[in-house]
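Take a look at the letters that make up each chain.
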Amino acid sequence: MSDPSTPFSVLPALLVLIPAVAAVAVALLGRLWARAARWTALAATAAQTVLALALFRAVARSGSVRAVLGGFPALAGVELVVDRLAVPFVVLVAAIGLLVVAVTTSEPAGSFLALVLLLVAGLTGVFVTGDAFNLYVFLELAGLSSYALVATADTDVAAGAALRYLFVGTVGATLYLLGVGYAYVATGALNVSLLGQRLGVGTPAVAAFALVAVGLGVKVPVVPLHGWLPDAHGEAPVGVSVLLSGLVTTAGAYALARLVLAAFGIEFLAAVPLARVAVVGVGATSVVVGGLLAFRQSKVKRLLACSTVSQLGLVVLGVGLANRLALTGAVVHLLSHAALKTGAFLAAGAIAESTGAKTVREYAGVARRAPLASASLAAAALGLVGVPPAGVFASKWYLVAGAVAAGAPALAALVVASSLLSLLYFWRVLERLVAPGGAGADSHPPHATDGSGARAPTGPAVAAAITVLAGVLLGFVAAPLETFLEPTLTALLE
């Protein structure tokens, strides 16, 4: 464990402060000098990415980086903790934040980028805080930014989606806060590690678990708390859909896993078997229902959004199984899903921009007119199905092994079946990509071509290819990542 007095102990706070301060500067500059606002946002997210990588190196060497703001004891102060479980997600937030700022050029520089930076600050805070109340604060910062970003689509449907998202998200946050209140009354502590030592298995702990799990279940989201997601993700601008499906839902799933394992613990799950059954059951239900919902969608972005419910159901399933193999699978799946779904949304946005195609029917022949974006979308889809060597293949391998180790062969079969379900809904898109041209072709003004009739690759198309490649490469580093995570996961499972 790193010494709080080391130079690295300031990094977790800086990773939250830099985008937060930059958001204020960008909001002010956007009214006067849009180009300066955009460059400020780009510089802030680039600096954050560099610092996140430095933090990763520090954690790899020392195991964790800790800092208590103000120098107070952990019981009274706000502790920031970045361990081997948290730090990959800190890097993920910084990298995708930088990517979105770099490729989003059609939105107003000031207000839009300021909201993106506030969202990045809130999400980073979720991964670095060691305090249950401040986790609520950071979730709300991210949530408020998300609600506003969905509304930037400036359509009646998007405004309605943002309002529903606001309402459901506020209810979820309130339930979470009530759960934290129960835990505080029972223990006198808000620090997550102290909660793990003091909470026990009594009635206050059970009440706290139920409220926290339901509150964070909205943020993931899991079935039946998922109703806000298809509209919010499907109607938002592409850059916002990337942030929501790639990062916001990832933060919700991480927060659920962290609190279940660190604040309540394995002993609680063993003493209250209904809690474990509920987590596993909700995860399994989300896998199936999310996949069926995705199969029914006609719009590609809504299909991708519903797919998120199914994919994150696997993560919740891994948390409920609560053994090292299953948790390794959950972490690898979260990271792989974030990269591949980011690429999928970027590719769908690039296709819509260059060809006007937004529905599955309109995707007929798109591969010939937008080859790079189509190839990226196809690779992302196959990766999310679990075709090797993508990271999702490795994550499902760990989840199957974890289910078998837990004596739950039916859950292992469900993980395998989830790949078939994913193939069913993604096949509709893949088949249309290479079909003869359809009604949706060329509904937008012509774009530059490469001389063969295909549109020249756009920034989002190139970014999609990069992120999909990252999601595939995660499959090759799954074993080293397992070794990297082992000390932290072992400590959480003791």
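Right above here is the structure, for reference.
Residues numbered from 1 in each chain as written. Predicted model: local features only at pLDDT ≥ 70, side-chain atom pairs only at ≥ 80, totals over all residues. Heavy atoms only, no water.

Secondary structure assignment for the chain yields 19 helices and 2 strands. In terms of C-alpha radius of gyration, the chain reaches 21 Å, essentially the compact-globule figure of 23 Å for 494 residues. By its C-alpha atoms, the chain is 65 × 55 × 40 Å across when sized along the principal axes. Counting across all 494 residues of the chain, residues that qualify as buried make up 59%. Considering only contacts within the chain whose residues lie at least 6 apart along the sequence, 79% involve residues at least 24 apart. (Helix = DSSP H or I, 4+ residues; strand = E, 2+ residues; numbered from the N terminus. Rg over C-alpha atoms; globule rule 2.2 N^0.38 Å. Buried < 20%, exposed > 50% of the residue type's maximum accessible area, 1.4 Å probe, protein only. Contact = heavy atoms within 4.5 Å.)

Time to look at the environment of valine 185. Its location among the elements puts valine 185 in helix α6 (residues 156–187). Here valine 185 falls in the exposed class, since its relative accessible area comes to 71%.

Walk down a regular strand and you will see the side chains alternate between the two sheet faces. Buried residues dominate strand β2 (residues 78–83), accounting for 5 of its 6 residues. Sheet analysis places strand β1 (residues 64–69) next to β2, joined by 6 bridges and oriented antiparallel. If you follow arginine 66 over to β2, its bridge partner there is valine 81. (Pairing = 2+ DSSP bridges.)

The next point concerns a nonpolar patch on the surface. Together, Val10, Leu14, Leu17 and Val21 make up an exposed nonpolar region whose accessible area comes to about 330 Å². Inspection of the secondary structure puts leucine 17 in helix α1 (residues 11–30). On the accessibility criterion, leucine 17 (49% relative accessible area) is partly exposed. (Patch = residues over 30% accessible without salt bridge, like charges linked within 9 Å, V, L, I, M, F, W, Y side chains within 5 Å. Areas by Shrake-Rupley, 256 points an atom, 1.4 Å probe, with all protein chains shown as cover. Salt bridge = Lys/Arg side-chain N within 4 Å of Asp/Glu carboxyl O.)

A few words on the packing of aromatic side chains. Going through the model one piece at a time under the given rule, you end up with 12 aromatic pairs. With 4.7 Å between their ring centres and 80° between their planes, tyrosine 147 and tyrosine 165 make a pair best called edge-to-face. Remark: tyrosine 165 occurs in helix α6 and tyrosine 147 occurs in helix α5 (residues 132–151); sequence separation between them is 18 residues. The pair formed by tyrosine 147 and tyrosine 165 is uniform in burial state, with each residue classed as buried. The ring of phenylalanine 484 has arginine 84 lying over it, and the distance from NZ or CZ to the ring centre is 4.9 Å. Above the face of the phenylalanine 295 ring, arginine 428 is positioned so that its terminal group lies 5.6 Å from the ring centre. (Phe/Tyr/Trp six-rings, centres within 6.5 Å; stacked < 30°, edge-to-face > 60°. Lys NZ or Arg CZ within 6 Å of the ring centre and 35° of its normal.)

Moving on, we come to the packing of helix α10 (residues 238–271) against helix α12 (residues 300–321). Between α10 and α12, the shortest axis-to-axis distance is 11 Å and the interhelical angle comes to 15°. Here α10 lies roughly parallel to α12, going by the angle between them. In the crossing of α10 with α12, the sense of the turn from one axis to the other is right-handed. Contact residues: α10 offers Val238, Ser241, Ser245, Thr249, Ala253, Leu256, Ala257 and Val260, while α12 offers Lys301, Thr308, Leu312, Val315, Val316 and Val319. Considering only residue class, the contact of α10 with α12 consists of 9 nonpolar, 4 polar and 1 charged. (Axes fitted to C-alpha atoms, helices over the stretch in contact; angles between N-to-C directions. Parallel < 35°, antiparallel > 145°, perpendicular 65-115°, else oblique. Left-handed = near helix turned anticlockwise from the far one by under 90°. Nonpolar A, V, L, I, M, F, W, Y, C, P; charged D, E, K, R; others polar.)

Before going further, it helps to spend a moment on the environment of leucine 473. Relative to the assigned elements, leucine 473 resides in helix α18 (residues 459–473). Sequence-wise, leucine 473 and serine 336 are 137 residues apart; in three dimensions their C-alpha atoms are separated by 9.1 Å.

The next thing to look at is helix α13 (residues 324–355). Given 3.6 residues per turn, any residue in an α-helix points the same way as the ones three and four places further on. Here α13 contains 32 residues, and its C-alpha end-to-end distance of 46 Å stays within 8% of the 46 Å for a straight helix at 1.5 Å per residue. Burial within α13 is extensive, with 29 of its 32 residues counted as buried. Backbone geometry just after α13 places glycine 356 at a positive phi near 85°. (Expected span 1.5 Å × (residues − 1).)

Moving on, we come to the packing of helix α16 (residues 391–405) against helix α17 (residues 409–433). At a closest axis distance of 6 Å, the pairing of α16 and α17 adopts a crossing angle of 155°. The angle between α16 and α17 falls in the class roughly antiparallel. Crossing hand, α16 versus α17: right-handed. Mapping the contact onto sequence places Lys396, Leu399, Val400, Ala403 and Val404 in α16 and Pro409, Leu411, Ala412, Val415, Val416, Ser418, Ser419 and Ser422 in α17.

This structure, assessed with the given rule, holds 7 salt bridges. Its salt-bridge partner being aspartate 231, residue arginine 302 comes within 2.4 Å of it at the nearest N-O pair. Here the residue arginine 302 occupies a position in helix α12, and aspartate 231 occupies one in helix α9 (residues 229–235), the gap between them amounting to 71 residues. For aspartate 231, a relative accessible area of 19% gives the class buried. With its nearest N and O atoms 4.0 Å apart, the salt bridge here joins lysine 299 to glutamate 235. Taken as a pair, lysine 299 in the loop between α11 (273–296) and α12 and glutamate 235 in helix α9 lie far apart in primary sequence, 64 residues in all. Through salt bridges with shared partners, a single network forms among Arg164, Asp231 and Arg302.

Bringing the environment of aspartate 83 into the picture now. Structurally, the position occupied by aspartate 83 is in strand β2. Distance from aspartate 83 to alanine 183, taken between C-alpha atoms, is 23 Å for residues 100 residues apart in sequence. Ignoring any residue separated from it by four or fewer positions in sequence, one finds aspartate 83 in contact with Val59, Gly63, Ser64, Arg258 and Thr488. Only 3.0 Å separates the side chain of aspartate 83 from the backbone nitrogen of alanine 86, close enough to count as a polar contact. (Polar contact = N/O pair within 3.5 Å; in protein donor to acceptor, adjacent residues only side chain to side chain.)

Now for unusual backbone geometry. Glycine aside, a negative phi is what most residues show, and trans is what most peptide bonds show. For the bond from valine 220 to proline 221, the omega torsion is -10°, close enough to zero to count as cis. Tracing the sequence through the fold places proline 221 in the loop between α8 (203–219) and α9. Cis rather than trans, the peptide bond between proline 388 and proline 389 has omega equal to 10°. By secondary structure assignment, the location of proline 389 is in the loop between α15 (371–385) and α16. Notably, alanine 322 is not glycine yet its phi reads approximately 50°, a positive angle. Structurally, alanine 322 can be placed in the loop between α12 and α13. The class of alanine 322 is buried, set by a relative accessible area of 10%.

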